[in-house]
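Survey of secondary and tertiary structure
If you want the building blocks of each chain, they are given just below.
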Amino acid sequence: MPDDLIGIGVGPANLSLAAQTDPLPELRTLFLDDKPGFRWHPGQMLADSQLTVTYFRALVDPRSTFSFLNFLVQKGSAFRFLEANGLSFPGELLLAPPR
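These figures come from a predicted structure and were not determined experimentally.

1. Some words on the packing of aromatic side chains
The final tally for this structure, using the stated rule, is two aromatic pairs. When the ring of F68 is compared with that of F81, the centres are 5.3 Å apart and the planes differ by 80°; the resulting orientation is edge-to-face. Here F68 is found in helix 2 (residues 68-75), whereas its partner F81 is found in helix 3 (residues 78-84), with 13 residues between them in sequence. A relative accessible area of 35% places F68 in the partly exposed class. The exposure class of F81 is partly exposed, given its relative accessible area of 23%. Cluster of aromatic residues (ring-pair linked, three or more members): F68, F71 and F81.

Below you can see the structure in the form of structure tokens.
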């Protein structure tokens, strides 16, 4: 059976596309990359530096199993993480089931 979608390169855009299409079992996808593993910004981070991209800008639904916020909720660390970063939200926002 042929694939419906083929992604060349596993950078941020195709990682997002893979996460967005994962819950669609009727869609056959294939993502290819010439590297053996994924590394985020290899060689571009200086010691003691921090990424300035907010986790709210993830290219997936925050309730996706691939999102950082969902990871925090599943680990029971969401409120602690958000409050440590100067944020807080009502619990029902972070615990609402996916649509």
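The rest of the description comes next.
2. Considering the pattern of salt bridges
Within the structure shown, the criterion is met by four salt bridges. Ionic pairing is found between D4 and R28, a salt bridge with its closest N-O pair at 3.3 Å. Residue D4 is located in the segment before strand 1 (5-8), and its partner R28 is located in the loop between helix 1 (12-21) and strand 2 (29-32); the two are separated by 24 residues in the primary sequence. Note on D4: relative accessible area 42%, which makes it partly exposed. K35 is the partner of D34 in a salt bridge, and the nearest nitrogen-oxygen pair spans 3.5 Å. Each of the two residues, D34 as well as K35, counts as exposed. The network of salt bridges with shared partners includes D33, D34 and K35.

Rules used in this analysis
- Residues numbered from 1 in each chain as written.
- Predicted model: local features only at pLDDT ≥ 70, side-chain atom pairs only at ≥ 80, totals over all residues.
- Heavy atoms only, no water.
- Phe/Tyr/Trp six-rings, centres within 6.5 Å; stacked < 30°, edge-to-face > 60°.
- Helix = DSSP H or I, 4+ residues; strand = E, 2+ residues; numbered from the N terminus.
- Buried < 20%, exposed > 50% of the residue type's maximum accessible area, 1.4 Å probe, protein only.
- Salt bridge = Lys/Arg side-chain N within 4 Å of Asp/Glu carboxyl O.

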